[in-house]
Amino acid sequence: MEQSDNNKPEQKKTDEGTVDRRSFIKAAAATGAALATGAQSLNAQVSGGIAAGVAEEVEIVSDGKHGSDFMMDVMKQMDFEFMTINTHSDSAGLQESVINYMGNVNPELITGLHEEVCVAMGHGYFKIEGKPLAALIYGSVGLQHAAMAVYSAFCDRVPVYILLGNQRNNPNSRSVQDAPAMVRDFTKWDDSPLTLDHFAKSAVRAYSVAMTTPTMPVVLSVDKKLQEMIVPKGEKLRIPKYTPNAPPAGDPNAVRELAKMLVDAEFPVLGVERAARSQAGLEYIVELAELLQAGVVDTIQRMNFPSRHPLLQEPGIFRQADLVLALEMPMLSHTRLKEGAKLASISSFDLFTRSNYWHFGNYQESDFSIAADVEATLPSLIEEVRRQLPRSKRSAVRVRGEKFAEINRQNRERDKAFAANGWNTSPLNTARVAAELWEQIKHKDWSLVSRSDGMSDWAWKLWDFNKYYHHIGQSGSVGVGYSNPASVGAALANRKHGRLCINLQNDGDFMFLPSTLWTAAHHKIPMLTVMHNNRAYNQEIMLISRMAALRDRDVSRCTIGSEINNPAIDFAGMARSMGWYAEGPIEHPSDLPGAIKRAIAAVESGQPALLDTITHPN
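We now turn to the structure provided with this report. (Residues numbered from 1 in each chain as written. Predicted model: local features only at pLDDT ≥ 70, side-chain atom pairs only at ≥ 80, totals over all residues. Heavy atoms only, no water.)

1. Considerations on the sheet that holds strand E18 (residues 528-532)
In spatial order, the strands read E16-E17-E18-E20-E19; together these five strands make up an open sheet with parallel pairing. The open sheet has two edge strands, strand E16 (446-448) and strand E19 (581-586), and neither has a second partner. The sheet shows a mean angle of 15° between the axes of neighbouring strands, direction not considered. In terms of strand pairing, strand E17 (residues 500-506) meets E18 through five bridges, oriented parallel. (Pairing = 2+ DSSP bridges. Helix = DSSP H or I, 4+ residues; strand = E, 2+ residues; numbered from the N terminus. Axes fitted to C-alpha atoms, helices over the stretch in contact; angles between N-to-C directions.)

2. Some remarks on the packing of aromatic side chains
Tallying each qualifying case throughout the model produces 17 aromatic pairs. Judged by centre distance (5.9 Å) and plane angle (85°), the rings of Phe-82 and Tyr-125 are edge-to-face. Here Phe-82, found in strand E3 (residues 82-85), pairs with Tyr-125, found in helix H4 (residues 115-129); they are 43 residues apart in sequence, far enough to count as distant. Across the pair, exposure class does not vary: Phe-82 and Tyr-125 are buried alike. Seen from their ring centres, Trp-438 and Trp-463 are 6.0 Å apart, and the 20° between their planes marks the pair as stacked. (Phe/Tyr/Trp six-rings, centres within 6.5 Å; stacked < 30°, edge-to-face > 60°. Buried < 20%, exposed > 50% of the residue type's maximum accessible area, 1.4 Å probe, protein only.)

3. Considering the pattern of salt bridges
With the rule as written, the count across this model stands at 29 salt bridges. With its nearest N and O atoms 3.0 Å apart, the salt bridge here joins Arg-386 to Glu-287. Note that Arg-386 is positioned in helix H10 (residues 374-388) and Glu-287 in helix H9 (residues 279-292), a separation of 99 residues in sequence. Judged by its relative accessible area of 31%, Glu-287 falls in the partly exposed class. In this structure, Glu-439 and Lys-442 form a salt bridge, with 3.3 Å as the shortest nitrogen-oxygen distance. (Salt bridge = Lys/Arg side-chain N within 4 Å of Asp/Glu carboxyl O.)

4. Structural notes on the sheet that holds E3
Sheet strands line up and pair through hydrogen bonds in the backbone, either parallel or antiparallel. Pairing is parallel in the open sheet, where six strands are placed in the order E4-E3-E5-E6-E8-E7. Taken across any chain shown, the strands that pair with only one partner, and hence form the sheet edges, are strand E4 (108-111) and strand E7 (189-191). Along the sheet, successive strands turn relative to each other by an average axial angle of 20°, direction set aside. As defined by bridge partners, E3 adjoins E4 across four bridges and the pair is classed as parallel. By the bridge assignment, Met-83 is partnered in E4 with Leu-109. Strands E3, E4, strand E5 (134-138) and strand E6 (161-166) of the sheet are contacted by H4, whose axis makes an angle of about 165° with E5. (Contact = heavy atoms within 4.5 Å.)

5. Digging into the packing of helix H2 (residues 67-76) against helix H6 (residues 196-211)
Close contact between H2 and H6 brings their axes to 10 Å; oriented N to C, the two are set at 25°. Classified by the interaxial angle, the pair formed by H2 and H6 is roughly parallel. Crossing of H2 over H6 shows right-handed handedness. Of the residues in H6, those in contact with Gly-67, Phe-70, Met-71, Val-74 and Met-75 of H2 are Leu-196, Phe-199, Ala-200, Ala-203 and Val-204. (Parallel < 35°, antiparallel > 145°, perpendicular 65-115°, else oblique. Left-handed = near helix turned anticlockwise from the far one by under 90°.)

6. Describing the nonpolar core
Note that soluble globular proteins tend to have their nonpolar side chains buried in a common cluster. Leu-258, Leu-288, Leu-325, Leu-381, Val-385, Trp-463 and Leu-528 are the most contacted members of the largest nonpolar core, which has 87 residues in total. For this core, the domains that each give at least three residues are domain 2 (252-412) and domain 3 (421-533 + 569-613). Those residues within four positions of Leu-325 in sequence are excluded, and the remaining contacts are Leu-258, Leu-262, Val-269, Leu-270, Gly-271, Leu-288, Ala-344, Ser-345, Ile-346 and Leu-381. Formed by 61 residues, the second largest nonpolar core is a distinct cluster that contains Met-83, Val-119, Ala-147 and Tyr-242. (Core = buried A, V, L, I, M, F, W, Y, C linked by side-chain atoms within 4.5 Å. Domains from an automatic or database assignment.)

Keep in mind these numbers describe shape, not what the thing actually does.
In structure tokens, the structure reads:
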């Protein structure tokens, strides 16, 4: 059931027989001061600074305090705003403590109808908010459902804080001896605390590990018996303070040498993948590129570089460079460069990796490497380049920038011409859908909360992306099912900022987790989902057709097994059934502007909205 007021806990009674929350603890530091300091710590972490939390020594003075209440005292230090949950029996203690002990505030429970939704929402949320939310899921069966989302976050270097309910004292068919083992190959750290003191230390450590570059998911398995135990009267339990780690910056001597390589290069290019962690990181990359007038290739795994900047280039430019600097781009290799070109790298990738899942590709044979966080290293690199760049080279640098700008202009003109092909066709041209959307959002404060390569990259090619929150990047694993729940998580983070959230949603991806619609409507998360509904897994159809052609076989039958039709899915009807404003199917271009206008009005009134646009297969 929804809370009567989303953000305000009910006033607690203090009548005889009722234990008031304040009677539970005597804290060494005032709660308000602790919370304020915790928030400052998190803000400092996002900006790369260091601030310390506050250690609390908690003295239990009531026989009514439960283990899960103390666990929430610990969790306060991490300042979780939300906790996603797929409700289950083995976390009943923690769930009840969030509801009544915490008043369902910091964290507020967000109900997911599938464990993969709970984790994937955390994935999208972090990429807007810069800090994790917590996901509370079932230890065995729930974690198996959630595993794909955990893997995507791991590949994408995103911290999700996962709590598992488990029951080992009186085991049943859902109990598991070592719950985190199921995802240990694609998480950064895990633990299964045995005592409340153990939980306090591990909970703070887990947050620290998750938030230290390279950031990744962490898992804590919390036993049902530990949640439900009564803490003995007078027992003292200590909550460790959380002190964020400064992200590792490059060695000054190495930075100096790299700056010389960049200054000496005739045609340098920056390759950027997961380089920016914030608006500051984006601005650092722009500053370095403009200082050198270097080309930039952005894989849009993050919002690294403005989409309309004249120095933005396509990957083919690597073949012209004499020096490529890979910024958190560990799979860029010499095979993509011209003979004799140098490859340098700044990446935190080698600071932590696993061996089983080969998401990292082959070993990067760079000519010069710095193992460090890009965003933390760029300020010193910029200063070194500025110091070493002689006046005598400034004319050549300017000419180089003009060449990159001309290549960029030609690329943009080509894209505009290509977008016009089939402009008035039905099914809809995906470029037309992107263009019609842009016309109505360009003067608003907007955020693309889905993969920015959706609808054949047309949003990236036609919209003006220049702020860090303008897009959240890709999934990391390229796993199907990511975009729908991740977009809701990102929209949840954007909600307090009042940003208009857009999700360009593939039909096949949508059907993995359609229950996400209910979560968005129930928790009043406004966003606009526009379907890329070509009624097929079209990439697979193209691959199978190519295979058939190579084998000189029938191409016309290659939709079998990949079509999502007969019956066609009524996405608008599905959305309306779960509380969304929806229109569709929309097949004619003339119907687009009015439908978009009405849907945006619904979103701006606080309701999620969906447009089922029937699109050309491209």
